[in-house]
Amino acid sequence: MTTATPAPRRKKGWMSLKVTKIEDETWDTKTFYLEDSVDNGCPFDYIAGQYLTLRFDKIAEKAVVRSYTMSSSPNQAGFSALTIKRVEDGLVSNWMCDNLKLGDEVRALGPIGKFCFDPHKMRPHLVMLGAGSGVTPFVSIVREYADKLGQEGAPKQMTLLVAYRSKLDLISWPDLVAFNKVPGVRIITTLTREDARSEGFLHGRPEIPMLKEVLAGTYADSSYMTCGPEAMMEQFVDFLKSQEVPAEHIHLESFGN
Ligand SMILES: Cc1cc2nc3c(=O)[nH]c(=O)nc-3n(C[C@H](O)[C@H](O)[C@H](O)COP(=O)(O)OP(=O)(O)OC[C@H]3O[C@@H](n4cnc5c(N)ncnc54)[C@H](O)[C@@H]3O)c2cc1C
């Protein structure tokens, strides 16, 4: 796994963050913008790809905690943002999407995590595979580095292959479309349950034939990151190993709590 040096935090321990904006991403996904409840702004420093742990004391008999990756990036001053996708029968994701409103406060611990671009250990081409809500760390990473490609501390090139079920499920879509126009950034979207090839989408799961096509020519100079369903990540890792990509250039984040 990656071992990026964490940025110094301005705040440590549990914080109280106020919801300052809520955006509907898709029919089942919302983005919540958070600021310090007293001083406004983002009260902590973070690296793109890190997450917060939220604690809710009153939505169940016992306190519950869940982790959510920032979909915002550190270069977006003044707030952090979490993008939450409803999980069927899931307690916290549905509670947040149904009940959390402007001005509410959430308790958050962080930032936590090492699923980040590490300029000292990773190769110049960063290749990312995400699916569903697993796109959030990659949205943050693309936001952070798209205008810094080739500069010190940033990758030279980024490729993101992202899988959504259908056009109704396109999380962070306007931003991904815009980033795809940046030289050095390539964003490829596949729809697993809808055929929209005439509109430029790939069709089907990111399985071996698609990986071969999309990743051809990347193996010698790339580091790979993936976040999504376990089966997808396992297949990706097996495929990369079959292409002799060293294990230290393959990084996974599991969203299972
Ligand atoms: C590092 C990290 C980062 C993450 N980032 C994000 C992110 O950016 N965005 C995002 O949307 N999610 C993210 N997640 C996932 C998130 O933390 C939650 O797991 C997710 O929101 C589901 O939580 P929940 O409370 O809604 O569901 P839970 O209540 O935890 O339920 C999850 C599933 O388990 C089933 N289940 C629950 N209890 C039982 C039971 N007793 N028996 C059988 N089945 C059961 C439910 O039916 C449901 O299908 C992240 C997770 C991690 C670890």
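Draft legend 1. Representation of the overall build of the protein in the model. In terms of helices and strands, the protein carries five helices and twelve strands. Relative to the 2.2 N^0.38 estimate, which gives 18 Å for 257 residues, the radius of gyration of the protein is 18 Å and therefore close to what a compact globule would have. Per-residue burial over the protein gives 39% buried out of 257 residues. Pairs at least 24 apart in sequence give 72% of the contacts found in the protein among residues at least 6 apart.

Draft legend 2. Looking closely at the environment of glutamine 235. With respect to the element layout, glutamine 235 can be found in helix H5 (residues 230-242). In this structure, the C-alpha to C-alpha distance between glutamine 235 and threonine 29, residues 206 residues apart in sequence, is 26 Å.

Draft legend 3. Quick peek at the site of the ligand. Surrounding the ligand, one finds 20 residues, the nearest of these being Asp89, Gly90, Leu91, Val92 and Ser93. For the shell around the ligand, the elements supplying multiple residues, two or more each, are strand E4 (64-69), strand E5 (80-85) and helix H1 (91-99). Here the shell around the ligand is built from residues that sort into seven nonpolar, nine polar and four charged.

Draft legend 4. How the structure looks around the environment of lysine 30. Looking at the secondary structure, you find lysine 30 in strand E2 (residues 29-36). Measuring from C-alpha to C-alpha, the distance between lysine 30 and lysine 85 comes to 6.6 Å, with 55 residues separating the pair along the chain. In this view, lysine 30 contacts Ile22, Glu23, Asp24, Glu25, Ile84 and Cys97; residues no more than four positions away in its chain are not counted.

Draft legend 5. The arrangement of H5 in detail. With 13 residues, H5 should reach 18 Å at 1.5 Å per residue; the first-to-last C-alpha distance of 18 Å fits that figure. What H5 keeps buried is the set Met232, Met233, Phe236 and Leu240. One side of H5 holds all its buried residues, which, seen down the axis, span an arc of 95 degrees. Along H5, the residues that are exposed and aim more than 90 degrees away from the buried face are Glu230, Ala231, Glu234, Asp238, Lys241 and Ser242. For H5, the secondary structure elements touched by its buried residues are strand E7 (125-131), helix H4 (208-215), strand E11 (222-227) and strand E12 (250-253). Glutamate 244 sits one or two residues past H5 and shows a positive phi near 65 degrees.

Draft legend 6. Spatial organisation of the nonpolar core. Leu82, Met128, Val142 and Leu160 are the most contacted members of the largest nonpolar core, which has 57 residues in total. Sorting elements by how many residues they give to this core places strand E8 (residues 157-164) first, with six residues. Split by domain, this core shows at least three residues from each of two domains, domain 1 (14-112) and domain 2 (125-252). When residues no more than four places from it in sequence are discounted, the contact partners of leucine 82 are Phe32, Leu34, Leu52, Tyr68, Met70 and Ser71.

Draft legend 7. Looking closely at the domain arrangement of the protein. What the domain assignment reports for the protein is domain 1 (14-112) and domain 2 (125-252). On a C-alpha basis, the centres of domain 1 and domain 2 stand 24 Å from each other. Within the residue set of the side of domain 1 that touches domain 2, elements represented by two or more residues are strand E1 (14-26) and E5. Here the residues of the side of domain 1 that touches domain 2 are counted per class, giving four nonpolar, ten polar and two charged.

Calculation rules
- Residues numbered from 1 in each chain as written.
- Predicted model: local features only at pLDDT ≥ 70, side-chain atom pairs only at ≥ 80, totals over all residues.
- Helix = DSSP H or I, 4+ residues; strand = E, 2+ residues; numbered from the N terminus.
- Rg over C-alpha atoms; globule rule 2.2 N^0.38 Å.
- Buried ≥ 20, exposed ≤ 12 C-beta atoms within 10 Å, placed from the backbone.
- Contact = placed C-beta atoms within 7 Å.
- Near = placed C-beta within 6 Å.
- Nonpolar A, V, L, I, M, F, W, Y, C, P; charged D, E, K, R; others polar.
- Expected span 1.5 Å × (residues − 1).
- Arc of directions from axis to C-beta.
- Core = buried A, V, L, I, M, F, W, Y, C linked by C-beta atoms within 7 Å.
- Domains from an automatic or database assignment.

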